Amino acid sequence: SRKWTAPKWFSPMLVDRRWLHVLLFLTTLASTTIAWGPWFASAFLAILMTHEMGHYLAARRWGVAVSLPFFIPFPPLLYFPFLGGATTLGTLGAVIRIRSRIPNRKALSDIGAAGPLVCLLFKAGFRLSWIDSKIILRKLSMPPELNRPL
């Protein structure tokens, strides 16, 4: 008997329970929003999502079957007196399930490094755009006589 092989178009992602990933993300968004407020929660989860998608996309590029990120919510209102009160991030982070073997060491290092590197690029781009917007706003708020080249 022949062993069944998956066609090229088949992806393990087709059998994922995407509703679970969405539910966990929304629960994590709610818990971090309760813990820190909407601005911090959205920025923090954007960074966390970027990091995890770096790993995910690198793994897919190497042909490794992986799941979408599983965000892990954490109750935001726990009392830790040694930390100064109710202090948690509202999340324990996120994980990606690896469903197939990683082919070699280069693939392993690429997949491992992709998350932090993509996140670094995301944060650097965000920081540069923030600096540019500050400069533009400063120039717009200056009187015209001060807003000329030297």
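Residues numbered from 1 in each chain as written. Predicted model: local features only at pLDDT ≥ 70, side-chain atom pairs only at ≥ 80, totals over all residues. Heavy atoms only, no water.

**A look at helix α1 (residues 18–36)**
Argument step 1. Relative to the 27 Å expected for 19 residues at 1.5 Å per residue, α1 spans 27 Å between its end C-alpha atoms, a close match to the ideal helical length.
Argument step 2. Turning to α1, the residues buried within the fold contact α2 (38–61), β1 (70–73) and β4 (91–95).
Argument step 3. At the C-terminal side of α1, Gly37 shows a positive phi close to 100 degrees. (Helix = DSSP H or I, 4+ residues; strand = E, 2+ residues; numbered from the N terminus. Expected span 1.5 Å × (residues − 1). Contact = heavy atoms within 4.5 Å.)

**Points about the packing of α1 against α2**
Argument step 1. The geometry of α1 relative to α2 is characterised by a closest axis approach of 7 Å and an angle of 140 degrees between their N-to-C directions. Classified by the angle between their axes, α1 and α2 sit oblique to one another. Between α1 and α2 lies a crossing of right-handed hand. Facing α1, whose interface residues are Phe25, Thr28, Leu29, Thr32, Thr33 and Trp36, α2 presents Pro38, Phe40, Ala41, Leu45 and Met49. (Axes fitted to C-alpha atoms, helices over the stretch in contact; angles between N-to-C directions. Parallel < 35°, antiparallel > 145°, perpendicular 65-115°, else oblique. Left-handed = near helix turned anticlockwise from the far one by under 90°.)

**Side note on the nonpolar core**
Argument step 1. In this structure, Tyr56, Ala58, Ala59, Val64, Val66, Ile96, Ile111 and Ala114 together form the largest nonpolar core, which totals 8 residues.
Argument step 2. For this core, the element with the highest residue contribution is α2, accounting for 3 residues.
Argument step 3. With sequence-adjacent residues up to four places away left out, Ala114 is seen in contact with Gly54, His55 and Ala58. (Core = buried A, V, L, I, M, F, W, Y, C linked by side-chain atoms within 4.5 Å. Buried < 20%, exposed > 50% of the residue type's maximum accessible area, 1.4 Å probe, protein only.)

**Let's talk about the packing of aromatic side chains**
Two numbers describe a pair of aromatic rings. These are the distance of the centres and the angle of the planes.
Argument step 1. The tally for this structure, following the rule as stated, stands at 3 aromatic pairs.
Argument step 2. When the ring of Trp36 is compared with that of Phe40, the centres are 5.3 Å apart and the planes differ by 45 degrees; the resulting orientation is tilted.
Argument step 3. Judged by its relative accessible area of 43%, Trp36 is partly exposed.
Argument step 4. Among the residues examined, Phe40 registers a relative accessible area of 35% and is labelled partly exposed.
Argument step 5. Connected via pairs of aromatic rings, a cluster forms that spans Trp36, Phe40 and Phe44. (Phe/Tyr/Trp six-rings, centres within 6.5 Å; stacked < 30°, edge-to-face > 60°.)

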